[in-house]
Each structure stands twice: as structure tokens, then as C-alpha cells.
Amino acid sequence: MVIKVFLASSSGSTAIKKKQQDVVGFLEALKVEYTQLDIACNEENRMWMRQNVPEDKKPSNGIPLPPQIFNEESYCGDYETFFDAKEDNSVYAFLGLPPPPGSKEAVQADKAGLIVENGTHGEEAEPEATPEESTKEVPEAEQNGDAHEEEEAAEDEEVAEEGAEGDEEEEAGDDEGHAGEEEEQEEEEEDLEETQEEEAE
């Protein structure tokens, strides 16, 4: 895979020259093999660059300006996207190249792989709770399962006992009432007997 950088060697724009130098200098610092293609002196290079830059990446006037970067036939981006990739330490991904082992981008790629596999970042993942801790966090009602039902059953038993006591008190009251009636009857019978004896005399 060959990285192609389309440049304008005789550009009159200082800004374009500076951008071209930044791209080339950074690629050389990374020891990335690339080929410079001059669009100022070669009409074929200029036409090829314009035709292969995606429409959504072209400026409003439809004419892309150098530097434009390609990986073989695949479009990588312009200076702005290259600069963003450099800031994010993702230049190799931007160029479509595998990062060398030990580079910042390779380390980030490894971490990204761990995140994809585990779903969470290793450092950010919270340690799993031990059975004891998880038991503490669960309410007692949920731990016991039937604790709530047992409480209701106990309340029902208390109500039943109170009702039974009330029935016993009512029965006791009825017995007292019957006893009182019997005493009254006995007293009436005694009065009648006394009255009859007095009359007999």
C-alpha cells in the first residue's frame, strides 16, 4: 500500500505551502512511505485528484485544494482531517495502515479492543460485588422471599386471637346474665312462698 500525497509545488498560497509541509514532515517523522504527486506541473495528476476526491468532501466551488491524501485508490482526506487525526493519535487509522507495535495508536487500539470485548473499560469497570455484599444490599424481604407473607400471616393470627378473646368475653357476659336471671327467679319464688304462707296463717 502506497500513500499518495497530491501537492502543488508552485502554489502561490503560503497557507497551502505550509499545510503541505506539515503533512510531508509528519509522514517523514513517522517513517511512513509515501509518494508526492505534483498537480501544478502534471495535468494528469490534477485531473485524477479532482475526480477521486468524494463529492461530499469537495469545497463549495467543487475544486479540492492540495494537499489531498490517498492510500492507493482510496481517499483518506485533506489537511483538516489529517490534522484532526494527528491530534487524536489516529494517523495510521486515517491512512488505512496498521499502527506499529508500541506506538500510542497501537496501545489505543488494544484498549479499544478490550472495550469492545468486555463492554466496559478495564479501569472504569466496577469490581463485582461479593455474595455477602450483594446480600447486604438486597432488602430483607427480598432475601427471605416469603418474609412479607409471614408478617401478614402473623397479623391474621393476632386478629383471630383477638376475635376469640372477644367471643369468650361475650360468652362470659351471657353466662353472668343467665345467672342473674336465675337469682331473680329464685327471689320471686321465695317471695311467692312467703306470701302464700302469710295468707295461710
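Above this note sits the structure.
This is a predicted model, so every value here is computed, not measured.

Looking at the layout of surface pockets
Next up, step 1: By volume, the largest pocket amounts to about 180 Å³.
Next up, step 2: Lining the largest pocket are 14 residues; nearest its centre among them are Leu65, Pro66, Gln68, Asp78 and Glu80.
Next up, step 3: Elements supplying a minimum of two residues to the lining of the largest pocket: α1 (14-29), β4 (74-78) and α3 (79-87).
Next up, step 4: Class assignment of the residues belonging to the lining of the largest pocket gives a composition of eight nonpolar, one polar and five charged.

Some thoughts on the side chain of Asp38
Next up, step 1: Along the chain, Asp38 falls in strand β2 (residues 34-38).
Next up, step 2: Buried within the structure, Asp38 lacks any salt-bridge partner; its nearest side chain of opposite charge belongs to Arg46, at an N-O separation of 9.3 Å.
Next up, step 3: Side-chain polar atoms of Asp38 contact the backbone nitrogen of Ala40, separated by 2.9 Å.

Let's talk about the sheet that holds β4
Next up, step 1: The four strands are arranged β2-β1-β3-β4 in an open sheet whose pairing can be described as mixed. Each edge of the open sheet is held by one strand with a lone partner, namely β2 and β4. Sheet twist, expressed as the average angle between the axes of neighbouring strands with direction ignored, equals 25 degrees.
Next up, step 2: Alignment of strand β1 (residues 3-7) against strand β3 (residues 68-71), held across four bridges, turns out to be antiparallel. If you follow Lys4 over to β3, its bridge partner there is Phe70.

The rules behind these values
- Residues numbered from 1 in each chain as written.
- Predicted model: local features only at pLDDT ≥ 70, side-chain atom pairs only at ≥ 80, totals over all residues.
- Heavy atoms only, no water.
- 1 Å grid on protein atoms, 1.4 Å probe; cavity = no way out; pocket = protein on both sides within 12 Å on 5 of 7 lines; lining within 4 Å.
- Points joined across faces, edges and corners; volume = space filled by probe spheres on them.
- Helix = DSSP H or I, 4+ residues; strand = E, 2+ residues; numbered from the N terminus.
- Nonpolar A, V, L, I, M, F, W, Y, C, P; charged D, E, K, R; others polar.
- Buried < 20%, exposed > 50% of the residue type's maximum accessible area, 1.4 Å probe, protein only.
- Lys, Arg positive; Asp, Glu negative; His and termini not counted.
- Salt bridge = Lys/Arg side-chain N within 4 Å of Asp/Glu carboxyl O.
- Polar contact = N/O pair within 3.5 Å; in protein donor to acceptor, adjacent residues only side chain to side chain.
- Pairing = 2+ DSSP bridges.
- Axes fitted to C-alpha atoms, helices over the stretch in contact; angles between N-to-C directions.

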